[in-house]
Amino acid sequence: MSVHSRGVKPPLTADTEALTKAPPVPKYLAPHAKAEWKRIMPQLIGRRIITKGDLAGVETYCSMIGTVRQIEEERAAAGGAIDVRLFGVMNRAAQTARQFAAEYGLTPTSRARIGAGLPDDDDADNPLGV
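Description of the structure in this document. The numbering scheme is per chain: residues are counted from 1 as the chain's sequence reads. Reporting in this predicted model follows two pLDDT cut-offs: at least 70 for local features of residues, and 80 or more for side-chain atom pairs to be given and counted; totals over whole chains, interfaces and linings ignore these cut-offs and use all residues. As a rule here, side-chain values cover all heavy atoms of the structure and leave hydrogens and water aside.

### A few points about the side chain of Glu36
Phase 1 of the analysis: For the purposes of this entry, the term helix denotes a DSSP run of H or I that reaches at least four residues, the term strand denotes a run of E that reaches at least two, and both are numbered from the N terminus. Note on placement: Glu36 falls in helix α1 (residues 31–47).
Phase 2 of the analysis: Between N or O atoms, a polar contact is any pair within 3.5 Å; within protein, one atom must be a potential hydrogen donor and the other a potential acceptor, and residues adjacent in sequence are included only when both atoms are from side chains. There is a polar contact of 2.7 Å between the side chain of Glu36 and the side chain of Tyr61.
Phase 3 of the analysis: Contacts were defined at the residue level, with two residues in contact if any of their heavy atoms lie within 4.5 Å. The residues touching Glu36, leaving out its near neighbours within four places in the chain, are Tyr61, Cys62, Ile65 and Arg69.

Below, the structure is given as structure tokens:
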């Protein structure tokens with residue numbers, strides 16, 4: 001019987017070349033994308049999974065989130081009417097953002113893969129620990 005790992009992502013771990021300080025927000029990003037950069041960068045730096053080589057992907061993720069938010073604002077300003085062309089753009093941007101979010105541990109499932117937010121197994125202060 002053969003074992004395959006097709007479709008199974010490897011676990012995320014801290015990188016030896018991980019950034020320890022958040023780089024400045026790229027100037028070319030739109031306002032919503034800049035806000036997303038500022039929101040997620042502390043998490044990514046704290047988990048030590050982002051390197052300089054990953055920054056282009058993070059920029060793309062932020063740009064896609066910015067695109068979705070901008071289109072949604074424009075739709076709301078137009079009285080909620082849905083523009084079919086913009087809906088297609090928004091849908092593709094949301095899908096791309098979701099894929100990048102999963103790569104960088106920004107979804108609940110991907111955070112579970114890296115063990116983010118899990119308490120340490122320190123039983124020293126547990127009176128029921130044996």
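### Quick look at the nonpolar core
Phase 1 of the analysis: By size, the foremost hydrophobic cluster in this structure holds 19 residues, and its most contacted members are Leu44, Ile50, Val58, Tyr61 and Cys62.
Phase 2 of the analysis: Mapped onto this core, the elements with two or more residues apiece are α1, α2 (55–77) and α3 (84–103).
Phase 3 of the analysis: Here this core takes six residues from α1, the largest share from any one element.
Phase 4 of the analysis: Ignoring anything within four residues of it in the chain, the contact list for Ile50 reads Glu17, Ala18, Leu19, Leu44, Leu55, Val58 and Tyr104. Put simply, buried Ala, Val, Leu, Ile, Met, Phe, Trp, Tyr and Cys residues joined by side-chain atoms within 4.5 Å make one nonpolar core. Only protein chains enter the accessibility calculation, which uses a 1.4 Å probe. A residue is then buried if its area is under 20% of the maximum for its type, exposed if over 50%, and partly exposed in between.

### A short note on the packing of α2 against α3
Phase 1 of the analysis: Where helices are involved, their axes are fitted lines through C-alpha atoms of the stretch in contact, as for all axes, and angles between N-to-C directions lie from 0 to 180°. Running from N to C, α2 and α3 point in directions that differ by 145°, and their axes come no closer than 8 Å. As α2 packs across α3, the resulting crossing turns out to be left-handed. Along the contact surface, α2 presents Gly57, Thr60, Tyr61, Met64, Ile65, Thr67, Val68, Ile71, Glu72 and Glu74, while α3 presents Leu86, Val89, Met90, Ala93, Ala94, Thr96, Ala97, Phe100 and Ala101. When the near helix sits turned anticlockwise from the far one by under a right angle, the crossing is termed left-handed; a clockwise turn instead gives a right-handed crossing.

### What to know about the environment of Gly57
Phase 1 of the analysis: Tracing the backbone shows Gly57 in helix α2.
Phase 2 of the analysis: Between the C-alpha atoms of Gly57 and Tyr104, which are 47 residues apart in sequence, the distance is 9.1 Å.
Phase 3 of the analysis: With sequence-adjacent residues up to four places away left out, Gly57 is seen in contact with Phe100 and Tyr104.

### Structural notes on α1
Phase 1 of the analysis: Taking 1.5 Å per residue, 17 residues should reach 24 Å; α1 reaches 25 Å between its end C-alpha atoms and fits that length.
Phase 2 of the analysis: Of all the residues in α1, the buried ones are Ala33, Glu36, Trp37, Ile40, Met41, Leu44 and Ile45.
Phase 3 of the analysis: Elements that come into contact with the buried residues of α1 comprise α2. Helix span, expected: 1.5 Å multiplied by one less than the number of residues in the helix.

### Topic: the environment of Ile50
Phase 1 of the analysis: Note on placement: Ile50 falls in the loop between α1 and α2.
Phase 2 of the analysis: For Ile50, a relative accessible area of 0% puts it in the buried group.
Phase 3 of the analysis: When the C-alpha atoms of Ile50 and Ala22 are compared, they prove to be 9.6 Å apart, with 28 residues separating the residues in sequence.

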